[in-house]
Amino acid sequence: MNTATHELDIEMLDVVAGGFKWQPNTKNDDVIDARGGQIKILGFTITLDIKGNPSSIS
């Protein structure tokens, strides 16, 4: 096992990041934006965006 410590360059970081990429203006209903939060009221779940505005109700 190689235990050397060194900074990852951008190509290595792409390999170890597992394909996790952020793309602006991408909306996916299966992904919850954890920066805002959620509130459960009367059996409904209201998801809030980063500014505190409701972004979805389920």
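On a predicted model such as this, the values are computed, not experimentally measured, just so you know.

Asker: So, the overall build of the chain: which residues are in play, and what are the values?
Answerer: The helix and strand inventory of the chain stands at one helix and three strands. Going from the N terminus to the C terminus, the chain shows its helices and strands as α-β-β-β. For the chain, buried positions account for 7% of its 58 residues. Put simply, of all contacts in the chain between residues at least 6 apart along the chain, 0% involve residues at least 24 apart. In the form shown here, the chain has an accessible surface area of approximately 5,700 Å², with 58% of it arising from carbon and sulfur atoms.

Asker: Give me the lowdown on a nonpolar patch on the surface, citing residues and values where you can.
Answerer: On the surface, a nonpolar cluster with roughly 550 Å² of combined accessible area is contributed by Ile39, Ile41, Leu42, Phe44 and Ile57. In this fold, Phe44 is placed in strand β2 (residues 44-48).

Reading guide: rules and limits
- Residues numbered from 1 in each chain as written.
- Predicted model: local features only at pLDDT ≥ 70, side-chain atom pairs only at ≥ 80, totals over all residues.
- Heavy atoms only, no water.
- Helix = DSSP H or I, 4+ residues; strand = E, 2+ residues; numbered from the N terminus.
- Buried < 20%, exposed > 50% of the residue type's maximum accessible area, 1.4 Å probe, protein only.
- Contact = heavy atoms within 4.5 Å.
- Areas by Shrake-Rupley, 256 points an atom, 1.4 Å probe, with all protein chains shown as cover.
- Patch = residues over 30% accessible without salt bridge, like charges linked within 9 Å, V, L, I, M, F, W, Y side chains within 5 Å.
- Salt bridge = Lys/Arg side-chain N within 4 Å of Asp/Glu carboxyl O.

Nothing here speaks to function; it is geometry throughout.
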